[in-house]
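Residues per chain are reported as follows:
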Amino acid sequence: MLKSQLQSVAQPPLLFTSNSSTFATGGPSLLPKRVLPPPATTDLHRKALSTRRSLVVSNSLFSNITQTITKTDVVKAVVKVQPSIKGLLNSLKLSGRLDDLNDFLGQSIYVELVSAELDTATGTEKKKVTGYLQRDLLVNLNDLKDNVMTYEGELKLYKGFGEIGAILVNNQHHREMFIKTVVLSVNGDKVTFTCNSWVHANSDSKEQRVFFADKPGYLPSQTPSGLKNLRTKELEILRGDGTGERKDYERIYDYDVYNDLGNPDQKEDLARPVLGGKEHPYPRRCRTGRSHTKSDPLSESRTASNIYVPRDEAFTEVKFIDFSLDTVKSVIPAVFPGLKSLLTSKFSSYAEINRLYNDDPTKDTDFVDRILNIVKSINIEPFFFDQPELIRRDKHRWDTDEEFARQTLAGLNPYSIQLVTEFPLTSKLDSNTYGPPESAITKEILEQGMKGTMTVEEALNNKKLFMLDFHDLLLPYVHKVRQLSGTTLYGSRTVFFLTNDGTLSPLAIELTRPASSTESQWKGVFTPSEDENSTDAFLWKLAKAHVTAHDSGVHELISHWLRTHGCVEPYIIATNRQLSVLHPVNKLLKRHFRYTMAINALARGSLINAGGIIESNFSPGKYCIELSSVYYDQFWRFDTEALPADLIRRGMAVEDPTAKHGIKLTVEDYPFANDGLLIWSAIEQWVTEYVGHFYPTIEQVLTDHELQSWWTDIKTQGHADKKDESWWPTLDSPDNLVSVLTTIIWVTSCHHAAVNFGQYAYGGYFPNRPSIARTKMPTEEGMDAAALEKLKEKPESAFMECYPSPLQAVEVIAVLAVLSHHNVDEQYLGEAGDPGWETEKEIEAAARRFSERLEEIGAIVDGRNVDVKRKNRTGDGVVPYELLKPKSEPGITGMGVPNSISI
């Protein structure tokens, strides 16, 4: 009657097998022929081969049976177990052979059936029905097709047992097994337990696993009496006791600070501050319990090869293999032996950059030839990156001011553009520390850029001025970053004008160096030039490179990592700690958390760690993740993570009850917002119907102790550094619950998709979005006059020095290719609903309507992308905006909204 534990976890990889004698995750023998059991030569063998252990099930468990059991019923139990590659290798060990013997003797899986109700006479639990399930050793063509193995048995249910509420499972093998389903059948009727979960070996832990039949869910107060203790105990197991180092097979969810990014024991320069706490506020991660470093008692050791995640949160082997192959394929240029030593200097030209891509790999340049010579010398086929969509459509459009501005609305980071509401622009930082707060962008500069069409005051009143404002966020780190080698930094502002055709036009860029003990404050303002070969034009292009590098960093560190990956992990932990798998909110959210903890652990291992890919290739260097902590402290709040609230906060929309989505956009042709609001409304409608089904009254929300504990856990444990903020919503009504759940689902699906799956299209050609700007502006106060002369005489060479080095470029391109890739087992928004919903017509119908609406939205997006009036998503060389088109094929497609942060 209850849904299985962690049922939304994806299945392990499809592995071609035969029905061999090797157990489950121990792996099959891969024999493409019928495998028969050995002859029954002893009484023990005869008994083992003839016995069909039984399961016993109440008739009331099945939807088509309403009568009460008056006699003993025989119920057949069938368990489907999926093999794994790891199990195949382990089957060669002695333990694997012992497990084969268990299969042969029919003692592999031990089960106990639990009645849903207590004994009315005694008020205690009814006696459990127990027995073993036996491996079916004969080849089953359907099992071969589905890549599963079958364990089955029959038990007799005694009179008065009542409705079955749960099944307890013991894996008697020496290896874990992945149970897909348990199906109980009697008299032609069936009930299914959709498990999709790893069950640890009995040798690892004697703790039984509990699974519940597929049902829509129960609020705590609705839990059948016989299941209340199991519901409570399971949550206690998942919470753990907060001690000890976690083991791979465990399913414990607990919180910890980010104290594992540094590696001070390896090198002093790899020490990093703890993120999480008063000094560096941050969301919490999953606790691993690893020992602390010798050099720093506050930092966790990085000696373990794998970072713990609860077992069912880990990648399936299908995901891991596909991800690994993409990784290997993409990073060949970065990790190939001997290549790094050749990739330390700058590119010589744009032509050399273009040779990284497979447009025409036969052209001859020194840089690529050196690579080819190494590759050819050991007979490995030369590798080139696929052309990103941006340059595939038009090799030169990226360099235009029109495209620079368009991407703020329809590119990779649509979360930074904001309305200018005050002028003059003024910093909020301490002027005694950083210098005068007034911007150097004057009224005259802006009006000259607007070509006299209106005054600044008129532009403000008509909501015509917009801005990328990275000034106050970056300025405190400028001098710190400048002490690092190979990088530099400014605080920056970029102002845009909204033209009559609905597009933005850049007016000015301001780059600021703050005051220090040795230097005065410097501010430089740069504007577009009509003479593309003038020094002003070259300076403008360099200034744009700095701004796009700033935007790249803010995008990757904040819009992407912090606001999706980092801030969502506490939601996942709290859901598993406080909401039973029986809880309807758990069932709603589970598919939106798939793979997130696993990808976050990988990121801590090699992406955001000290000396990792982010620090090595983005402008802030060793301060990258610390910078995201600054943003979290100053700007992050749960209530403005909702799309409408985010748009309003940035001045990109205003509340309007008469508008379609309750808000009116400031920029009508804002592709991210246009498409996003369609999906936001669809999610909100689906969640409203879902919540309304389970919580028809305010009282049910207020008295749901699991729900209230879940929300408290998120606020006070997962986001502990924000626990006292007044903006947290209160879960005191169904409407507020709808708002909270819609926001979480939006962030895990649409927000992440919008900032992730276009990374290769826009960042794959790095001059469009350099991850780092390595040189200072030649006009900066104190710079050698020769720098400006070099820009005048050899502008292309100056750009190459500013852009990432070849090694940096190749590493970033490789990583962006991996991150932009949809896996073959991707689950998209509107897919992979809870199996229990099928038993409730109202929920099933609502889920179907949601899925159908998403299909309609996909068609609407297609129509918008051919509407010539929408100039921010159509036109010659323009990449159409498809990042929020709900569905996609596998690969790098620049579209598709998965349910979860799966990459």
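Cut-offs applied
- Residues numbered from 1 in each chain as written.
- Predicted model: local features only at pLDDT ≥ 70, side-chain atom pairs only at ≥ 80, totals over all residues.
- Heavy atoms only, no water.
- UniProt positions renumbered as here; feature names shortened; annotations may be inferred.
- Pairing = 2+ DSSP bridges.
- Helix = DSSP H or I, 4+ residues; strand = E, 2+ residues; numbered from the N terminus.
- Contact = heavy atoms within 4.5 Å.
- Axes fitted to C-alpha atoms, helices over the stretch in contact; angles between N-to-C directions.
- Core = buried A, V, L, I, M, F, W, Y, C linked by side-chain atoms within 4.5 Å.
- Buried < 20%, exposed > 50% of the residue type's maximum accessible area, 1.4 Å probe, protein only.
- Parallel < 35°, antiparallel > 145°, perpendicular 65-115°, else oblique.
- Left-handed = near helix turned anticlockwise from the far one by under 90°.
- Nonpolar A, V, L, I, M, F, W, Y, C, P; charged D, E, K, R; others polar.
- Phe/Tyr/Trp six-rings, centres within 6.5 Å; stacked < 30°, edge-to-face > 60°.
- Expected span 1.5 Å × (residues − 1).
- Arc of directions from axis to C-beta.
- Salt bridge = Lys/Arg side-chain N within 4 Å of Asp/Glu carboxyl O.

Looking at an unreviewed UniProt entry, one finds the chain named linoleate 13S-lipoxygenase and attributed to Acorus calamus. You can read under Subcellular location (unreviewed entry) in the UniProt record for the chain the words "Plastid, Chloroplast".

S.K.: Looking at this model, I keep getting lost on the sheet that holds strand β16 (residues 504-513). Mind explaining?
M.R.: Strand pairing in a sheet relies on backbone hydrogen bonds. The paired strands run either parallel or antiparallel. The strand order β13-β14-β15-β16-β17 describes an open sheet built from 5 strands, whose pairing is antiparallel. Unpaired on one side and paired on the other, β13 (418-419) and β17 (522-526) mark the two borders of the sheet. As defined by bridge partners, β13 adjoins strand β14 (residues 465-469) across 2 bridges and the pair is classed as antiparallel. Bridged to Leu419 within β14 is Phe466. Running over the sheet, helix α10 (residues 401-410) touches β14, β15 (491-498) and β16 and is turned about 85° from β16. In the packing of helix α16 (residues 535-578) onto the sheet, contacts are made with β14, β15, β16 and β17, and the angle to β16 comes to roughly 80°.

S.K.: Mind showing me how you'd approach the nonpolar core here?
M.R.: Note on soluble globular proteins: their nonpolar side chains tend to be buried together. Among the nonpolar cores identified, the biggest contains 172 residues, and Tyr357, Leu647, Tyr670, Trp686 and Trp710 are the most heavily contacted of them. If you look at the next biggest cluster of nonpolar residues, it comprises 27 residues, including Leu113, Ile164, Val182 and Ala213.

S.K.: What is the right way to read the side chain of His555 from this model?
M.R.: With respect to the secondary-structure elements, His555 resides in helix α16. What makes His555 buried here is its relative accessible area of 1%. Residues within four places of His555 in sequence aside, it is in contact with Leu412, Asn413, His560, Trp561, Val755, Gln759 and Arg769.

S.K.: How should I be thinking about the packing of α16 against helix α28 (residues 795-802) in this particular structure?
M.R.: Relative to each other, α16 and α28 sit at 15°, their axes nearing to 11 Å. Our classification of the angle between α16 and α28 gives roughly parallel. Crossing of α16 against α28: the hand is right-handed. When α16 is examined against α28, the residues Phe538, Lys541, Leu542, Ala545 and His546 are found in contact with a partner set consisting of Pro795, Ala798, Phe799 and Cys802. Broken down by class, the residue content of the contact of α16 with α28 amounts to 7 nonpolar, 1 polar and 1 charged.

S.K.: Is there a simple way to think about the packing of aromatic side chains in this case?
M.R.: Aromatic ring pairs are reported here in terms of the distance separating the ring centres and the angle at which the planes meet. For the structure shown, the criterion picks out 36 aromatic pairs. Taking the centre distance of 6.0 Å and the plane angle of 85° together, the rings of Tyr571 and Phe638 count as edge-to-face. You can see Tyr571 sitting in helix α16 and its partner Phe638 sitting in the loop between α20 (624-634) and α21 (643-649), a full 67 residues away along the chain. Residue classification places Tyr571 among the buried residues on the basis of a relative accessible area of 3%. Note on Phe638 and Trp711: the rings are 5.2 Å apart at their centroids and 75° apart in plane angle, and the pair reads as edge-to-face.

S.K.: Any chance you could explain helix α30 (residues 841-864) here in plain terms?
M.R.: For the α-helix, the turn length of 3.6 residues means that residues three or four positions removed from each other point alike. Taking 1.5 Å as the rise per residue, α30 with 24 residues should run 34 Å; its terminal C-alpha atoms sit 35 Å apart, in good agreement. Within α30 the residues assigned to the buried category are Ile843, Ala845, Ala846, Ala847, Phe850, Leu854, Ile857, Gly858, Val861 and Arg864. On the buried face of α30, the contacting elements are α22 (671-694).

S.K.: Just to check I follow, could you spell out the packing of helix α24 (residues 705-718) against helix α25 (residues 734-756) for this structure?
M.R.: What describes two packed helices is the angle between their axes and the distance between those same axes. Packing of α24 against α25 leaves a shortest axis separation of 13 Å and a crossing angle of 50°. What the angle tells us is that α24 and α25 run oblique. Pair α24 / α25 crosses with left-handed handedness. Residues Leu707, Trp710 and Trp711 of α24 pack against Leu737, Val740, Leu741 and Ile744 of α25. Along the lines of polarity and charge, the residues of the contact of α24 with α25 split into 7 nonpolar, no polar and no charged.

S.K.: Would you explain the sheet that holds strand β2 (residues 76-82) in this entry?
M.R.: Strand order in the open sheet formed by 8 strands is β9-β8-β2-β5-β4-β3-β7-β10, with antiparallel pairing between adjacent strands. Each edge of the open sheet carries a strand with a single partner, namely β9 (189-199) and β10 (209-211). Between one strand axis and the next, the sheet turns by 25° as a mean value, whatever way the strands run.

S.K.: Quick question: what am I supposed to make of the pairing of β17 here?
M.R.: Remember that side chains alternate between the two faces of the sheet whenever the strand is regular. Of the two faces of β17, the one holding Trp522, Gly524 and Phe526 is buried and the one holding Lys523 and Val525 is not buried anywhere. Looking at chain direction, β16 and β17 are connected through 5 bridges and run antiparallel. Considered in β17, the bridge of Glu510 is made with Val525.

S.K.: Just checking my understanding: could you explain helix α5 (residues 228-239) for this structure?
M.R.: With 12 residues, α5 ought to run about 16 Å at 1.5 Å a step, and its terminal C-alpha atoms sit 17 Å apart, in line with that. Among the residues of α5, Leu230, Arg231, Glu234, Leu235, Ile237 and Leu238 are the ones counted as buried. Angularly, the buried residues of α5 cover 160° about the axis, an arc narrow enough to put them on a single face. In this structure, the buried side of α5 is in contact with β3 (109-115), β7 (164-171), β10, α16 and α24. Just downstream of α5 lies Gly240, where phi reads positive at about 70°.

S.K.: Would you explain the pattern of salt bridges in this entry?
M.R.: Counted according to the given criterion, the structure contains 49 salt bridges. For Glu176, the salt bridge is made with Arg311, and the minimal N-O distance between the two is 2.8 Å. On the criterion of sequence distance, the pair formed by Glu176 in the loop between β7 and β8 (177-186) and Arg311 in the loop between β12 (285-286) and α6 (317-335) is long-range, its members being 135 residues apart. We classify Glu176 as buried; its relative accessible area is 14%. Taking relative accessible area as the criterion, Arg311 reaches 16% and is therefore assigned buried. Arg285 is the partner of Asp260 in a salt bridge, and the nearest nitrogen-oxygen pair spans 3.5 Å. Here Asp260, found in the loop between β11 (255-256) and β12, pairs with Arg285, found in strand β12; they are 25 residues apart in sequence, far enough to count as distant. The exposure class of Asp260 is buried, given its relative accessible area of 0%. Through salt bridges with shared partners, a single ionic network connects Asp256, Asp260, Arg285, Arg290, Glu300 and Arg604.

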